[in-house]
Each structure stands twice: as structure tokens, then as C-alpha cells.
Amino acid sequence: AKARGHIVIATNKKEVGPLIKIFKVLGWKHEGYADKGNKYYIRMGSLELLESIVLLNEILFKYYPKRRKRTIERVMKTGAAQFLLGNSEKTSPWILRRFREKGILNKDNKIIRKGMEIRKALSYLAKSVTVT
């Protein structure tokens, strides 16, 4: 996606089923849709990326460095990433609520252990590419 931090995976009818199963097992919220012919797409939002970044930071587009760089740059520009990195003091209330529900923030909206792990992974990724 050019303007947002989400990922759209293009695949075919044969591979879309296993990919959706993987997303469900990992608990990743996603949208799947079909296009003409054998084209299928799965969209994973930027919050799922942020919440899973500790798992993904080493393997995110490992064999596609250009896509990796673009994705990291776009995710880093999101308000949620800026908040987790400590570059912004505020973010949307619904994001705060979600981060509390996921164990990233405590009830006072302060970053706790899981949030610190995400911050560390984000910092590592930001240093691995030149973020503009």
C-alpha cells in the first residue's frame, strides 16, 4: 500500500486458503478478497504488523529488500509507531484501548514489557533502513 503501513499480499486460489489459515492461527486480523480470474488478495493492517513486529522483524520480506525498506518506512510514519517509539505523546483513543487490550500498555497508557519489546524491534528496523 502506497500511503499506509498495511500490507496487501497477492496470491492465487490455491495458496489463499493456507495463508488465511496461517493468519487465523497467528490471530492476525485480515481481509481477503478475490479479483478477476485466479487473483486473490489478503490485506494485513498496520496495527497487526506493529503488534507482531517482534516476530516479523527478522523475516519481514527477507528476500525482498526493496519491499522490506518501503514497508518499514511506511509503518514508521504511522501515528501508532511514532507513539510506541516515544516520538509522539498522543495517539488515537481507540489505538490506546487496543494496545491496552493486547498487553502493550497498562491502564495508565504507559508502555509495559510487550510494548518495550515492540519499541526495541521498531528501533532496530528503523536503523536497518534509512527512514525518510
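Our structure's up above, just so we're on the same page.
In this report, the structure presented in the accompanying data block is examined. Predicted model, so just to flag it, every value in this text is computed and none were measured.

**Re the overall build of the protein**
When helices and strands are tallied, the protein shows 7 helices and 3 strands. Counting helices and strands in the order they occur from the N terminus, the protein gives β-α-β-β-α-α-α-α-α-α. The C-alpha radius of gyration computed for the protein amounts to 15 Å, which stays within 12% of the reference 14 Å derived for 132 residues, consistent with globular compactness. Overall, the protein is about 50 × 30 × 25 Å in size when its C-alpha atoms are taken along their principal axes. Looking at the protein as a whole, 36% of its 132 residues are labelled buried. A fraction of 59% describes how many contacts in the protein between residues 6 or more apart in sequence connect residues 24 or more apart. Roughly 8800 Å² of accessible area belongs to the protein as shown, and the carbon and sulfur atoms make up 53% of that amount. Averaging the coordinates of the 30 positive side-chain charges in the protein and doing the same for the 11 negative ones gives two points 4 Å apart.

**Some remarks on the nonpolar core**
One finds L49, L50, L84, F99 and L122 to be the most contacted residues of the largest nonpolar core, which totals 31 residues. Only α1 (13-26), β3 (40-44), α2 (46-51), α3 (53-56), α4 (65-76), α5 (79-85), α6 (93-101) and α7 (113-128) provide two or more residues apiece to this core. It is α5 that contributes the most residues to this core, 5 residues altogether. Residue contacts for L122: discarding those within four places in its chain leaves L50, I53, M76, A81, L84 and L85.

**Section: the pattern of salt bridges**
Applying the stated criterion across every chain yields a total of 4 salt bridges. Between E48 and R98 there is a salt bridge, with its nearest N and O atoms 2.6 Å apart. Of the two residues, E48 sits in helix α2 while R98 sits in helix α6, which places them 50 residues apart along the sequence. An identical accessibility class is assigned to E48 and R98; each is buried. Salt-bridge contacts for R113 lead to E117; the nearest nitrogen and oxygen are separated by 3.6 Å. Note that R113 and E117 are positioned in helix α7 at a spacing of 4 residues, about one turn of the helix. When salt bridges with common partners are traced through the structure, they connect E48, E51 and R98 into a single cluster.

**Looking at the sheet that holds β3**
Spatially, β1-β3-β2 is the arrangement adopted by the 3 strands of the open sheet, whose pairing is antiparallel. Unpaired on one side and paired on the other, β1 (7-11) and β2 (30-34) mark the two borders of the sheet. Neighbour-to-neighbour, the strand axes of the sheet open up by a mean angle of 20°, direction not taken into account. Helix-sheet contacts for α1 involve β1, β2 and β3, and the interaxial angle to β3 is about 20°.

Rules behind the numbers
Counting restarts for each chain, with residues numbered from 1 along the sequence as it is written. At least 70 in pLDDT is required for a residue's local features to be given in this predicted model, at least 80 for side-chain atom pairs to be given and counted, and no such filter applies to totals for whole chains, interfaces and linings, which use all residues. For side-chain calculations, the full set of non-hydrogen atoms in the structure is used, while hydrogens and water are omitted. Secondary structure elements are taken from DSSP: a helix is a run of H or I of four residues or more, a strand is a run of E of two residues or more, and numbering for both begins at the N terminus. The quantity called the radius of gyration is restricted to C-alpha atoms. Its globule counterpart is 2.2 Å times the number of residues to the power 0.38. Think of it in three bands: with a 1.4 Å probe and only protein chains considered, a residue is buried below 20% of the maximum accessible area for its type, exposed above 50%, and partly exposed in between. Contact definition: two residues touch when any of their heavy atoms are within 4.5 Å. The Shrake-Rupley method, run with a 1.4 Å probe, gives the accessible areas here. Residue values count only the displayed protein chains as cover. Working convention for charge: Lys and Arg count positive, Asp and Glu count negative, and His plus the chain ends are omitted. To locate a charge, the coordinates of NZ of Lys, CZ of Arg, CG of Asp or CD of Glu are taken. What makes a nonpolar core is a set of buried Ala, Val, Leu, Ile, Met, Phe, Trp, Tyr and Cys residues whose side-chain atoms join them at distances within 4.5 Å. Here, a salt bridge means any Lys or Arg side-chain nitrogen found within 4 Å of an Asp or Glu carboxyl oxygen. Any two strands between which DSSP finds at least two bridges are classified as paired. Each axis is a line fitted through C-alpha atoms, taken for helices only over the stretch in contact, and angles between the N-to-C directions span 0 to 180 degrees.

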